[in-house]
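What follows is the residue order along each chain.
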Amino acid sequence: MSFATPTERLRPPVFAAVPGWADRLSQRLDRFLIRLRHWEYWPFSVVYFPVIIYYGWLALKARSWFFFSASNPGIESGGMLGESKMDILNRIDAQYKPKTLFFPQPTIDAVLDQMLLADCWFPVVAKPDRGERGWRVEKIHSVAELTAYLHDSPADLALIVQEYVDEPLELGVFYYRMPGQPTGTVSSIVVKEFLSVVGDGTSTLRELLRRNPRARLQLPTLIERYGERLNSVPEPGENPVLEPIGNHCRGTKFLDGHYLITPELVAVFDRISQSVDGFYYGRYDLRCRSIDDLHRGQTIRILELNGAGAEPAHIYQPGSSIRTAWRVLLRHWQVLYAISRANHQRGVPYMTFREARTIYRRIQRDKAARPS
């Protein structure tokens, strides 16, 4: 992403001293305190501690540690771990997807050739076929950026290249349906607000970022990415987006969108979901043009569909209590258990220890191949 415009102004640096150890310690302490005061940044093991206990109880009742794998028979492991994004996208009706290309062993020539043939040119979004928490998901603007992306990726990384959906709304819609039932439930909607700042005509991007606690957590990454461009001074009211990927760990604010749930919206996702073979529980990450279009099922472009491992992400609304989050998470695990048991009674087997071990070893192998 570039901030360069015909009216861009750069404030000349007065004197940029290398931060000393005291400054670095102060910045780290600041980021630590921000995380400490906002549970949405707490470690997974802390946030999910009650859920882990409840999961153990559900596993005992199901007599399987992997009962969740039956929740979505059409998705490997039910979508809890190691699943292929492309395999899932292939199950979704083409009218709801952006142009998406898959490369088991990507090379720059092969990727560019297929992009040309598919009329899917820059900007695009590149992401691993198997990955989590926004790892290696990047908006790519040029051949040079794509070349650098591939150079910095593991050699055997299976890659998805997706046309960039330039629509103003990005949402996460959580949907579930009991097996055999014609109608499901939209239980959660998260509205994603990308990391951005508002210019005042005098402050640099770096100064504006330092005034925003959420942005300060991302500052080291943003400095590495944008460098001297953070010395530019946005015009009054200008609202540059600094992180175009809607992932919570990359600074996106998650807002509770329950007010958007209507019978019309449920009908839209019933229609979409019933055409996805073997899907009953998970979250659609999508972009669309307007709320009216969302309720009519128009201009919807599904970027990803996450299965059993998905969260009702509205729980990360700033200011929401962790007790409320625990209540929501436990309720969704109860639903996950009920759907998994119902599918199991209809003949869907649970994943075995051998299958789980194979997936785990593959995940560990992929992580070991990632650049440090």
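Below you will find a few notes about this structure. The shown structure was predicted, so the numbers you read here are calculated from the model rather than taken from an experiment.

Let's talk about helix 11 (residues 322-345)
And then number 1: The terminal C-alpha atoms of helix 11, which comprises 24 residues, lie 34 Å apart, in line with the 34 Å expected from a rise of 1.5 Å per residue.
And then number 2: Positive backbone phi, approximately 110°, marks G347, located one or two places after helix 11.

A look at the sheet that holds strand 4 (residues 138-140)
And then number 1: Spatially, 2-5-3-4 is the arrangement adopted by the four strands of the open sheet, whose pairing is antiparallel. Strands at the two margins of the open sheet, each flanked by one partner only, are strand 2 (100-103) and strand 4. Each neighbouring strand pair of the sheet contributes to a mean axis angle of 25°, computed without reference to strand direction.
And then number 2: When strand 3 (residues 124-128) meets strand 5 (residues 159-163), the two strands line up antiparallel, connected through five bridges.

Considerations on the sheet that holds strand 6 (residues 169-176)
And then number 1: Read from one edge to the other, the open sheet built from five strands follows the order 9-7-6-10-11, with strand pairing classed as antiparallel. Edge positions in the sheet fall to strand 9 (253-256) and strand 11 (301-306), since each has one partner strand and no second. The sheet shows a mean angle of 25° between the axes of neighbouring strands, direction not considered.
And then number 2: Here strand 7 (residues 185-193) runs beside strand 9; their pairing, made up of four bridges, is antiparallel. Counterpart to V190 in the pairing with strand 9 is D256.

A few points about the state of the cysteines
And then number 1: Applying the stated criterion across every chain yields a total of zero disulfides.
And then number 2: Free cysteine C120: the closest other cysteine sulfur is in C288, separated by 20 Å.
And then number 3: C288 gets classed as buried once you look at its relative accessible area, which sits at 0%.

Points about the packing of aromatic side chains
And then number 1: Under the counting rule described, the total for this entry stands at 16 aromatic pairs.
And then number 2: A ring pair is formed by F66 and F353, whose centres lie 5.0 Å apart and whose planes are at 80°; its orientation type is edge-to-face. In this pair, F66 is assigned in the loop between helix 3 (49-62) and helix 4 (85-89) and F353 in helix 12 (residues 353-368), connecting sequence segments 287 residues apart.
And then number 3: F66 sits in the buried class, given a relative accessible area of 14%.
And then number 4: On the basis of relative accessible area, F353 is assigned to the exposed category, the value being 57%.
And then number 5: Aromatic rings pair up to connect Y55, W65, F66, F67, F68, W333, Y337 and F353 into one cluster.
And then number 6: Cation over ring: R136 sits above Y149, and NZ or CZ is 4.2 Å from the ring centre.

Side note on the packing of helix 1 (residues 21-37) against helix 8 (residues 213-226)
And then number 1: Two numbers describe how helix 1 lies on helix 8: the axes approach to 10 Å, and their chain directions differ by 130°. Put simply, helix 1 runs oblique to helix 8. Between helix 1 and helix 8 lies a crossing of left-handed hand. Residues D30, R31, I34 and R35 of helix 1 lie in contact with helix 8, whose contacting residues are P213, R216, L217 and P220.
And then number 2: A breakdown of the residues in the contact of helix 1 with helix 8 according to their chemical character gives four nonpolar, no polar and four charged.

Thoughts on the environment of S69
And then number 1: Mapped onto the secondary structure, S69 falls in the loop between helix 3 and helix 4.
And then number 2: Residue class for S69 comes out buried when judged on its relative accessible area of 9%.
And then number 3: Here S69 is in contact with S77, G78, P349, Y350 and M351, once residues within four sequence places are set aside.
And then number 4: Within the structure, S69 has its side chain in polar contact with the backbone nitrogen of M351 (distance 2.8 Å).

A word on the side chain of N247
And then number 1: Examined against the element boundaries, N247 turns out to sit in the loop between strand 8 (232-233) and strand 9.
And then number 2: A distance of 3.0 Å separates the side chain of N247 from the backbone nitrogen of C249, its partner in a polar contact.
And then number 3: Residues contacting N247, with those up to four places away along its chain left out, are R133, G134, T252 and F254.

Things to note about a nonpolar patch on the surface
And then number 1: Residues L29, F32, L33, L36, W42 and V46 make up a contiguous nonpolar surface patch of about 530 Å² in total accessible area.
And then number 2: Here the element with the most residues in the nonpolar patch is helix 1; it accounts for four residues.
And then number 3: With respect to the element layout, V46 can be found in helix 2 (residues 44-47).
And then number 4: Judged by relative accessible area, V46 falls into the partly exposed class, the value being 40%.

Some thoughts on the nonpolar core
Nonpolar side chains in soluble globular proteins tend to be buried together.
And then number 1: The biggest cluster of nonpolar side chains holds 38 residues, and the ones touching the most others in it are W39, Y48, F67, F68, Y281, I315 and W333.
And then number 2: Of all elements in the fold, only helix 3, strand 6, helix 11 and helix 12 reach the threshold of two or more residues within this core.
And then number 3: Counting residues per element, this core draws most heavily on helix 11, at nine residues.
And then number 4: The contact partners of W333, leaving out residues within four places of it in the chain, are Y48, V51, Y54, Y55, L58, F67, M80 and Y281.
And then number 5: Formed by 26 residues, the second largest nonpolar core is a distinct cluster that contains I92, V173, L265 and V276.

What to know about unusual backbone geometry
And then number 1: Backbone torsion omega between F122 and P123 reads 0°, so that peptide bond is classified as cis.
And then number 2: Within the element layout of this structure, P123 appears in the loop between helix 5 (108-117) and strand 3.
And then number 3: Of note in the backbone geometry, R63 takes a positive phi value of approximately 60° without being a glycine.
And then number 4: Note that R63 resides in the loop between helix 3 and helix 4.
And then number 5: Of note, the phi angle at R136 is positive, near 65°, even though the residue is not glycine.
And then number 6: On the accessibility criterion, R136 (19% relative accessible area) is buried.

Cut-offs used in this document
- Residues numbered from 1 in each chain as written.
- Predicted model: local features only at pLDDT ≥ 70, side-chain atom pairs only at ≥ 80, totals over all residues.
- Heavy atoms only, no water.
- Helix = DSSP H or I, 4+ residues; strand = E, 2+ residues; numbered from the N terminus.
- Expected span 1.5 Å × (residues − 1).
- Pairing = 2+ DSSP bridges.
- Axes fitted to C-alpha atoms, helices over the stretch in contact; angles between N-to-C directions.
- Disulfide = S-S within 2.5 Å.
- Buried < 20%, exposed > 50% of the residue type's maximum accessible area, 1.4 Å probe, protein only.
- Phe/Tyr/Trp six-rings, centres within 6.5 Å; stacked < 30°, edge-to-face > 60°.
- Lys NZ or Arg CZ within 6 Å of the ring centre and 35° of its normal.
- Parallel < 35°, antiparallel > 145°, perpendicular 65-115°, else oblique.
- Left-handed = near helix turned anticlockwise from the far one by under 90°.
- Contact = heavy atoms within 4.5 Å.
- Nonpolar A, V, L, I, M, F, W, Y, C, P; charged D, E, K, R; others polar.
- Polar contact = N/O pair within 3.5 Å; in protein donor to acceptor, adjacent residues only side chain to side chain.
- Patch = residues over 30% accessible without salt bridge, like charges linked within 9 Å, V, L, I, M, F, W, Y side chains within 5 Å.
- Areas by Shrake-Rupley, 256 points an atom, 1.4 Å probe, with all protein chains shown as cover.
- Salt bridge = Lys/Arg side-chain N within 4 Å of Asp/Glu carboxyl O.
- Core = buried A, V, L, I, M, F, W, Y, C linked by side-chain atoms within 4.5 Å.

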